[in-house]
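Coordinate inspection notes
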Amino acid sequence: MSKRTRRAAPTTTGAARPTVTVCRGCCCGTSKVPGLDHTAQLSDLRHALDKTATIRVTDCLDACERANVIVVQPSAEGRKAGGRPVWLGLVNDPDATTDIAAWVESGGPGITDPPGILDLYTFRPSRRVQAELHDG
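Residues numbered from 1 in each chain as written. Predicted model: local features only at pLDDT ≥ 70, side-chain atom pairs only at ≥ 80, totals over all residues. Heavy atoms only, no water.

Notes on the overall build of the protein
Inclusion rule: Numbering of helices and strands runs from the N terminus, with a helix taken as a DSSP run of H or I at least four residues long and a strand as a DSSP run of E at least two residues long. The cut-offs for exposure are 20% and 50% of the maximum accessible area for each residue type, with area from a 1.4 Å probe on protein chains only; residues under the lower value are buried, those over the upper are exposed, and the others partly exposed. The contact criterion used throughout is that any non-hydrogen atoms of two residues lie within 4.5 Å. Accessible surface area values rest on a Shrake-Rupley calculation with a 1.4 Å probe, where residue burial reflects the displayed protein chains alone.
Along the backbone of the protein there are 4 helices and 5 strands. Within the protein, the fraction of its 136 residues that count as buried is 40%. Counting contacts in the protein only where the partners sit at least 6 residues apart, residues at least 24 apart contribute 69% of the total. Summed over all atoms, the accessible surface of the protein reaches about 8100 Å², with 50% contributed by carbon and sulfur.

This is how it looks when you write it as structure tokens:
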């Protein structure tokens, strides 16, 4: 096949559904963050978002001062609409977990605005930390 007739392979711009990354490293998900049932938090997210999002557990996201950290990445549709990953820290309350799940169920970044209460949890990590998550 010549270069003229060769067609480029279709490219994808992201996952079909949002991805929720839950940190379970050196601080997140451990007894260093007391008063939260970490196993239940992860189980609740998996149960609530089973058909809506991909849940992935990762090692330390290097934002230990904000444990527990959850990152919500947009679906391909959300990214096309301008959505970008949202980093949430100090997610140490079952109500916050419920709010995150409800937002992701309704579309997540780029599709629907998060509930206003999640503004209290939102933070921006260093570029190095962001790149490590998004390249992995």
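A closer look at unusual backbone geometry
For residues that are not glycine, phi is negative in most cases, and the peptide bond is trans in most cases. With omega at 0°, the peptide bond leading from Ala67 into Asn68 counts as cis. Locating Asn68 in the fold gives a position in the loop between strand S2 (54–58) and strand S3 (70–73). Within the chain, Asp62 stands out as a residue other than glycine whose phi angle is a positive 60°. For Asp62, the position within the fold is in the loop between S2 and S3. On the accessibility criterion, Asp62 (40% relative accessible area) is partly exposed.

Some words on the confidence of the model for the protein
Applicable threshold: Per-residue confidence from the prediction method is given by pLDDT, with values spanning 0 to 100.
Averaged over every residue, the pLDDT of the protein is 88; the share at 70 or more is 87%. Put simply, helix H4 (residues 127–135) is where the protein has its lowest mean pLDDT, 72, and S3 is where it has its highest, 98. pLDDT under 50 marks residues 1–12. Its contacts with residues more than four places away, or in other chains, come to 1 contact.

What about the side chain of Thr19?
For Thr19, the location among the structural elements is in strand S1 (residues 19–23). A relative accessible area of 13% places Thr19 in the buried class. Ignoring sequence-local partners within four residues, the contact set of Thr19 consists of Thr54, Arg56, Val71, Val72 and Gln73.

With respect to the environment of Thr52
Here Thr52 is to be found in the loop between helix H1 (38–49) and S2. With 52 residues separating them in the primary sequence, Thr52 and Val104 have C-alpha atoms 7.5 Å apart. Thr52 has contacts with Arg17, Pro18, Val104 and Glu105, leaving out every residue within four places of it along the chain.

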